[in-house]
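# Chain and residue survey
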Amino acid sequence: MSELRDLLSEVAARVADYRESVADAPVFPDDTSGVRGKLGELPEKPTPPADVIRRLADAVEPALVATTGPRYFGFVTGGALEAATAADMLTTGWDQGAFNQVTSPAAAIVEEVAGEWLKDVLGLPSGASFGFVTGGQGANTVCLAAARHHVLARTGWDVERRGLHGAPPLTVVAGEERHATIDRSLRLLGLGTDAVRPVRTDSQGAIDIADLERVLDGPAIVCLQAGNVNTGAFDDFAAATAIAHERGAWVHVDGAFGLWAAATPTLEHLTAGVETVDSWAVDGHKWLNVPYDSGYAFCAHPESHAAAMSLTAAYLTGQGDGGVRAPSDFVPESSRRARGFATWAALSELGRSGVADLVERCCALARRFAGQLAKIEGVTVVNDVVLNQVLVGFGEDTDKMVEAVQRSGECWMGATTWRGRRLMRISVSGWSTTEADVDRAVAAIQAARETTTRKN
Ligand SMILES: *Cc1c(COP(=O)(O)O)cnc(C)c1O
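Residues numbered from 1 in each chain as written. Predicted model: local features only at pLDDT ≥ 70, side-chain atom pairs only at ≥ 80, totals over all residues. Heavy atoms only, no water.

### Re the nonpolar core
Stated formally: By nonpolar core we mean a set of buried residues, namely Ala, Val, Leu, Ile, Met, Phe, Trp, Tyr and Cys, connected to one another through side-chain atoms within 4.5 Å. Between buried and exposed lies partly exposed: a residue is buried under 20% and exposed over 50% of the maximum accessible area for its type, with that area taken using a 1.4 Å probe on protein chains only. Counting from the N terminus, the helices are DSSP H or I runs at least four residues long and the strands are E runs at least two residues long. Any two residues having at least one pair of non-hydrogen atoms within 4.5 Å are treated as being in contact.
Trp260, Leu288, Phe369, Met413 and Ile426 are the most contacted members of the largest nonpolar core, which has 83 residues in total. Considering each element in turn, this core owes the most residues, 14 residues, to helix 12 (residues 340-374). Sequence-distant contacts of Ile426, defined by excluding residues within four places in its chain, comprise Phe73, Phe369, Leu373, Asn388, Gln389, Val390, Val392 and Met413. Of all hydrophobic cores here, the second largest spans 30 residues; its members include Val159, Val172, Leu191 and Cys299.

Here is the structure:
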């Protein structure tokens, strides 16, 4: 066998060993102090590849977080599916530049197919354009750039050519509980966070439609949300979009994880009307369980999408030579990773029913968490558990509780501040979590509760 073959086989075996043992390992590393030392100094001379890889893996494995395991409930984190993981390893091995069909027909064609599949699964209009981006942040930025182009073009202003100096004012109407990435996108796009007119939200974090009606005025982009990152709440897309479209506004939906509710008939009611908006941001690496570096920007106005993003400035349709779509005309990058392979693999592995099962199973497990935790004395579940997010209060002890649970190594959930309260946030987003994992995590919380209350 060649040295390369040996090296790649060793890596594959190492990945398999890691993933097969991850469910039994502590979910968060307890001592990461040795990592820097093991990484050593910049070598003066070359090192054989196999030694490099052994050294890297030996150094960092003790500091890995078991996000691919079944009891990681922090942020909104999906453990990567098996076919998606393997496809991502192939992606690296093939090292394709997914710029267009000239740099890689394989990458361009697979993105085209996977993008069509995504629209189908999510119930988005078949004519929508799409870009494979780095994640939800990237998707929000691309969609809002398309929105900026579209709304200003209607006022007669060409933002791609003239920039924003002297442009008509453009407001962004968004819920008080919008995700922080919306604000960063607005900063990057030169609209600035002062452009935001905040809309009041209800007890679960969904926007108040009457307040939206009050603040919406003039050329505007309305940002709605499918899945509040704390509560999982959904805005009323049908009502908000009817008002916004009547006033000529663009409607964007940040559906990083929540838009996946549209993939299952039992939860579809949460996303009613979402197909009528103008753009959608969705993550692949959260609920679809694709490895990291995967998000999708969809747009109901392909010309505006391409005008904002294509390399040769405005007015390209993004239709490349030979009828194959040029992926880089819909994203801010030119040389880029071939992100379509892993997404195609995830959708192929799951199938339509598998995507629905994954989403429903996670929601059922979130309800199981809520039901069991609510029975523990002094513990309250603060949100309506409509999706996969559970917010838990422990009175004064929340931070201490969260730390104790994290230290147990049994599971990992983070703390959040919601409505001025410190709370534990639980997100069930991975394919490998079972009822037994939830029960084990609840037991760890119960044990932490006993020790922290005893100490008080
Ligand atoms: C995670 C998240 C984002 C950002 O997505 P990234 O993939 O982390 O860039 C945006 N909006 C919501 C609602 C999210 O949950």
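### Observations regarding the domain arrangement of the protein
Note the threshold: Source of the domain bounds: an automatic or database domain assignment.
Looking at the protein, the domain boundaries give domain 1 (2-66) and domain 2 (87-345). Centre-to-centre, using C-alpha coordinates, domain 1 lies 36 Å away from domain 2.

### Description of the sheet that holds strand 1 (residues 129-133)
Condition: Between any two strands, pairing holds if DSSP finds at least two bridges. All axes are obtained by fitting lines to C-alpha atoms, using only the stretch in contact for helices, and the reported angles, taken between N-to-C directions, cover 0 to 180 degrees.
Reading across the sheet, the seven strands line up as 1-7-6-5-4-2-3 and stay open at both edges, with mixed pairing between neighbours. At either end of the open sheet lies a strand with only one pairing partner, and these are strand 1 and strand 3 (196-199). This sheet shows a mean twist of 20° between the axes of neighbouring strands, independent of strand direction. Here strand 2 (residues 171-175) runs beside strand 3; their pairing, made up of four bridges, is parallel. Paired with Val173 across the strands is Arg197, a residue of strand 3. The strands touched by helix 5 (residues 105-122) are strand 1, strand 6 (279-283) and strand 7 (295-299); relative to strand 1, the strand with the most contacts, the crossing angle is about 110°. Taken strand by strand, helix 10 (residues 237-246) contacts strand 4 (220-225) and strand 5 (250-254), and its axis lies near 180° from that of strand 4.

### Section: empty space enclosed by the protein
Unfilled space is identified by rolling a water-sized probe across the atoms. Definition in use: Cavities and pockets were defined on a 1 Å grid built over protein atoms only: a cavity is a set of grid points that admits a 1.4 Å probe from which the probe cannot escape, a pocket is an open set flanked by protein on both sides within 12 Å along at least five of seven lines, and lining residues are those with an atom within 4 Å of any such point. Grid points are joined across faces, edges and corners, and a volume is the space filled by probe spheres set on the points.
Under the definition given, this model contains three cavities of 30 Å³ or more. Size it by volume and the largest cavity reaches roughly 80 Å³. Taken together, 14 residues line the largest cavity, and the ones lying closest to its centre are Gly175, Arg178, Cys223, Gln225 and Asp235. For the lining of the largest cavity, the secondary structure elements donating two or more residues are strand 2 and strand 4. Top element by residues in the lining of the largest cavity is strand 4. It accounts for three residues.

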